[in-house]
Amino acid sequence: MSKTTVTDPFWQGYRQLVRERMIPYQWSVISDEADVHIETENDNTPIAAIEHSHAIQNLKIAAGQATGDFYGFWFQDSDVYKWLEAVAYTLADEPDAALQAKADGVIALIAAAQEPDGYLDTYFQIRAPKRKFQHVSESHELYCMGHYIEAGIAYHAATGNEQALTIAVKMADCIDAHFGPEAGKLHGYPGHPELELALAKLADVTGAAKYSRLAKYMLDQRGTQPNFFAQQAKAATHSGDSYWAGGEPAAAYLQNRVPVRDLDHAEGHAVRMVYLLVGMVHVARQTGDASLLDAAKRLWQDITQKQMYVTGGVGATSAGEAFTFDYDLPNDTMYCETCASCAMAFLAKQLLLTEPKGEYGDVLERELYNGTISGMALDGEHFFYVNPLAVNPEASAKDPTKSHVKVTRPAWFGCACCPPNLARLVASVDQYIYTESADTIYNHLFIGSTRQFANGLTITIDGNYPWSGDLTYTFAAEQPVATTLAIRIPAWSQHTTATINGEAVPIQTEDGFWRITRQFDATTKITLHLDMAPRRVVADPRITADLGKVSVMRGPVVYCLEQADNGPHLPWLSLPTSAPLTTHVDTTTFTVPVTTITAPGNRLAGPQAAPYTATASAPTLTFIPYFAWANRTPGEMQVWVTANA
């Protein structure tokens, strides 16, 4: 765990929400203590309703501590593991004896449920023990075990619990015993990528190169011929399981149509695609595989330049929660799963660790302040699976193609991957502020914090970001430290100024970073002023959904119009190109302080008794941060607004 203390008002508020609300609330759900309404499927393919989570109970049954049948989705184990990982980061930040005791109990339960050879998946242990690893395209066994490996690593690092890491090692060894190039092993890979990135983490922690080799084998094998998923499907002697309906899996959806190095664009299920890239970058860095890294970087460019929303959301269709084609970015039927935005943050971090470039930090910031935290209400107990850029409540209620677009955040989901995923990201945000090389400290995020580095230097960042662009860097060291501090200068900051020890200095950037090489000690003080003027953003004209429209941003924050401020029929509103954008500090509308933006606008005339005689009105438009929408009275929302002269 990093030696970073977060003092940032914005992120400490969210981390406190995770600690005090999300973790206890999510525990009450996965342990079946909460009385909540659980949403059914989020798209227009109905599935059976889920009355409760049963995730902890499934582990108890597998451990022989309870009786009964498996209940819930076949990947339900992962809800527990992501909850445990969020707990780990929270305990690293602030010890809590009661919470740790509860989590230690969960670790002991997981150990009891794990089979002697290391296998653990409660669905198959309880319901289908003879079908282990027979349909890995959809079974999620490897996905769930990957999530535990991540959780076990984090929990061991935070608390020193050896059992947590032992479970992870046994699990990885079990997979290694079943998968690989050797005769008698399965020459396959996960249907839902996740294990690859987890194995890479385990290799880093244990120093055991075999885990990195296994991850690389799975990446190299993916998409080769004969197609592993198709072979397993043909060998099936049964069908009709909840996880397996029969038939050959869709190769493009599962990213195994061609080898990963031959993928020319991001395709298929968005979360799977991005998790795959996270593993590719990490393994490429570990093994020095340049072609694997080049492929990942090419696909990153495809996503961020052609298939990503202004909020950082990815996944343009609810059909398969998937990517579609270049510049196809509809605002009211899209998917933009919260997990996909979290995955983009994970990917940006891995790229920054591999090759520090400002563009990676720019996307990381876009995800953190928009596409991820929009997935949770400000109460920490309601969540979005889908994060739209335009909402009409009537359309969500009556149009089957928009039924996945919710107007308010549900309390929980039958498929509950997003809430704990977001919790673990927010709880670990301190690990995204810096990366290091042999001679350079890279600062990617402007989160108020104090960080101690191995070279003896301590850096403190003070400010009120993202509402203010004024930042102060102070330093401490027992003796002067000669190094380079590289501060990311966001691409959106058009007029950036800085001082060192009170003297104005020019800012020259390379790969998006301003590099300061000097002796740092307690006498050093750097101030940075980022340009926080509100700005209009236009889309590439090939994004036809946004032709003639603008979105409003300030700093890293995307803004939107909401019915609560602007009345109904938001598409009737327009923003003149010359209208000034004025900021306001708002401490009363929401439970947290925000900066809002107003501008004189236009509203089309509504239906009139005498057609063609009405004139348009000129209201004041009020824009709020996108992450804060749907925290008041349900209503319309839109990010893109018509621009006119």
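Residues numbered from 1 in each chain as written. Predicted model: local features only at pLDDT ≥ 70, side-chain atom pairs only at ≥ 80, totals over all residues. Heavy atoms only, no water.

Enquirer: Can you explain the overall build of the protein chain? Please cite residues and give values.
Expert: On a plain count of helices and strands, the protein chain comes out with 17 helices and 25 strands. A compact globule built from 645 residues would reach a C-alpha radius of gyration of about 26 Å, and the protein chain, at 25 Å, matches this within 12%. In the protein chain, once contacts between residues fewer than 6 apart in sequence are set aside, the share between residues at least 24 apart is 70%. Counting only carbon and sulfur atoms, one obtains 51% of the accessible surface of the protein chain, whose full area is about 23,600 Å². (Helix = DSSP H or I, 4+ residues; strand = E, 2+ residues; numbered from the N terminus. Rg over C-alpha atoms; globule rule 2.2 N^0.38 Å. Contact = heavy atoms within 4.5 Å. Areas by Shrake-Rupley, 256 points an atom, 1.4 Å probe, with all protein chains shown as cover.)

Enquirer: Describe the environment of Arg632, listing the residues and the values that go with them.
Expert: Take Arg632: it is sitting in the loop between strand E23 (620–625) and strand E24 (637–638). Using a relative accessible area of 22% as the deciding quantity, one classes Arg632 as partly exposed. As a C-alpha pair, Arg632 and Glu503 span 129 residues in sequence and 46 Å in three-dimensional space. Every residue in contact with Arg632, bar those within four places of it in the chain, is listed here: Glu562, Ala564, Asp565, Thr589, Phe590 and Ile624. (Buried < 20%, exposed > 50% of the residue type's maximum accessible area, 1.4 Å probe, protein only.)

Enquirer: Can you lay out the pairing of strand E14 (residues 513–520) for me, pointing to particular residues and giving the numbers?
Expert: Here eight bridges tie strand E10 (residues 481–488) to E14, and the two strands are oriented antiparallel to one another. Bridging across to E14, Leu485 finds its partner in Ile516. Bridging between strand E13 (residues 509–510) and E14 involves two bridges; their strand directions are antiparallel. Across the sheet, Thr509 pairs through a bridge with Trp514, a residue of E14. As consecutive antiparallel partners, E13 and E14 are separated by two residues, and within that stretch Asp511 has a phi angle of approximately 55°, a positive value. (Pairing = 2+ DSSP bridges.)

Enquirer: Go over the packing of helix H8 (residues 195–206) against helix H9 (residues 209–221) with me, naming the residues and quoting the values.
Expert: The geometry of H8 relative to H9 is characterised by a closest axis approach of 7 Å and an angle of 160° between their N-to-C directions. The angle between H8 and H9 places the two elements in the roughly antiparallel class. Every pair of crossing elements has a handedness; the one defined by H8 and H9 is left-handed. Here Leu195, Glu196, Leu199, Leu202, Ala203 and Thr206 of H8 come into contact with H9, specifically with Tyr211, Ser212, Leu214, Ala215, Met218 and Leu219. (Axes fitted to C-alpha atoms, helices over the stretch in contact; angles between N-to-C directions. Parallel < 35°, antiparallel > 145°, perpendicular 65-115°, else oblique. Left-handed = near helix turned anticlockwise from the far one by under 90°.)

Enquirer: Go over the sheet that holds strand E1 (residues 4–6), please, and point to the residues and values.
Expert: A sheet is described by the order of its strands in space; here seven strands give the open sequence E1-E7-E8-E9-E15-E11-E12, paired in antiparallel fashion. This sheet does not close on itself; its edge strands, each paired only once, are E1 and strand E12 (503–505). With direction set aside, neighbouring strand axes in the sheet form an average angle of 20°. The sheet contact formed by strand E8 (residues 458–463) and strand E9 (residues 470–476) spans six bridges and is antiparallel. For Ile459, the partnering residue across the bridge sits in E9 and is Phe475.

Enquirer: Residue-level account of the pattern of salt bridges, with values.
Expert: Side chains that carry opposite charge are capable of pairing whenever their charged atoms lie near each other. For the structure on display, the rule yields 30 salt bridges. A salt bridge links Glu85 to Arg424, with the nearest nitrogen and oxygen atoms 2.8 Å apart. One end of the pair, Glu85, is in helix H3 (residues 77–93); the other, Arg424, is in helix H16 (residues 418–427), with 339 residues separating them in the sequence. For Glu85, a relative accessible area of 2% gives the class buried. Taking relative accessible area as the criterion, Arg424 reaches 3% and is therefore assigned buried. Linking Asp540 and Arg542 is a salt bridge whose minimum nitrogen-to-oxygen distance equals 2.9 Å. A relative accessible area of 27% means that Asp540 is categorised as partly exposed. Three or more residues are tied together by salt bridges with common partners; here these are Arg15, Arg19, Asp93, Glu94 and Asp430. (Salt bridge = Lys/Arg side-chain N within 4 Å of Asp/Glu carboxyl O.)

Enquirer: Got a sec to walk through the sheet that holds E10? Specific residues and values, please.
Expert: Strands pair in a sheet through their backbones, by hydrogen bonds, and they do so in one of two ways: parallel or antiparallel. Spatially, the five strands line up as an open sheet ordered E5-E6-E10-E14-E13, and their pairing is mixed. The open sheet is flanked by strand E5 (434–436) and E13, the only strands paired with a single partner.

Enquirer: Account for the state of the cysteines, with residues named and values stated.
Expert: A complete count under the given rule lists zero disulfides for this structure. Note on Cys336: no disulfide assigned, nearest cysteine sulfur contributed by Cys418 at a separation of 12 Å. Taking the relative accessible area as the measure of exposure, Cys336 reaches 1% and is therefore buried. Looking at the unpaired Cys418, the closest cysteine sulfur is the one in Cys339, lying at 3.6 Å. Residue classification places Cys418 among the buried positions, given a relative accessible area of 1%. (Disulfide = S-S within 2.5 Å.)

Enquirer: Describe the side chain of Thr598, listing the residues and the values that go with them.
Expert: Mapped onto the elements, Thr598 comes out in strand E21 (residues 594–600). A polar contact is formed between the side chain of Thr598 and the side chain of His584, at a distance of 2.7 Å. Non-local contacts of Thr598, meaning those with residues more than four positions away in its chain, are made with Pro580, Leu581, Thr582, His584, Thr620, Leu621 and Thr622. (Polar contact = N/O pair within 3.5 Å; in protein donor to acceptor, adjacent residues only side chain to side chain.)

Enquirer: Give a description of the pairing of strand E15 (residues 525–529) that names residues and reports values.
Expert: Residues Ile526 and Leu528 of E15 are buried on one face, while the alternating residues Lys525, Thr527 and His529, pointing to the opposite face, are not. Inspection of the sheet shows E9 paired to E15 by five bridges, in the antiparallel sense. What sits directly across from Leu471, in E15, is Leu528. Of the pairings in the sheet, the one linking strand E11 (residues 497–500) to E15 comprises four bridges and is antiparallel in character. Each bridged residue has a counterpart across the sheet, and for Ile500 the counterpart in E15 is Ile526.

Enquirer: Help me get a handle on the packing of helix H7 (residues 162–178) against H8, residues and values and all.
Expert: Interaxial distance between H7 and H8 falls to 11 Å at its minimum, and their mutual angle equals 120°. Classed by the angle they form, the pair H7 and H8 counts as oblique. In the packing of H7 onto H8, the handedness of the crossing is left-handed. Within the contact between the two elements, H7 uses Leu165, Ala168, Val169, Ala172 and Ile175 and H8 uses Leu195, Leu199, Leu202, Val205 and Thr206. Residue composition of the contact of H7 with H8, by class: nine nonpolar, one polar and no charged. (Nonpolar A, V, L, I, M, F, W, Y, C, P; charged D, E, K, R; others polar.)

Enquirer: Could you give an account of helix H12 (residues 290–306), naming the residues involved and the relevant values?
Expert: The terminal C-alpha atoms of H12, which comprises 17 residues, lie 24 Å apart, in line with the 24 Å expected from a rise of 1.5 Å per residue. Every buried residue of H12 is listed here: Leu292, Leu293, Ala295, Ala296, Leu299, Trp300, Asp302, Ile303 and Thr304. Among the structural elements, H9, helix H11 (270–287), helix H13 (338–354) and helix H14 (358–372) are those in contact with the buried residues of H12. (Expected span 1.5 Å × (residues − 1).)

Enquirer: An account of the packing of aromatic side chains is requested, with residue identities and associated values reported.
Expert: Tallying each qualifying case throughout the model produces 36 aromatic pairs. Residues Phe10 and Trp11 carry aromatic rings whose centres are separated by 5.3 Å and whose planes lie at 75° to one another, so their mutual orientation is edge-to-face. Consider the rings of Phe228 and Phe229, whose centres lie 6.1 Å apart with planes at 55°: the pair is tilted. With relative accessibility at 1%, the residue Phe229 sits in the buried group. Against the face of Tyr432 rests Lys349, its NZ or CZ located 4.7 Å from the ring centre. (Phe/Tyr/Trp six-rings, centres within 6.5 Å; stacked < 30°, edge-to-face > 60°. Lys NZ or Arg CZ within 6 Å of the ring centre and 35° of its normal.)

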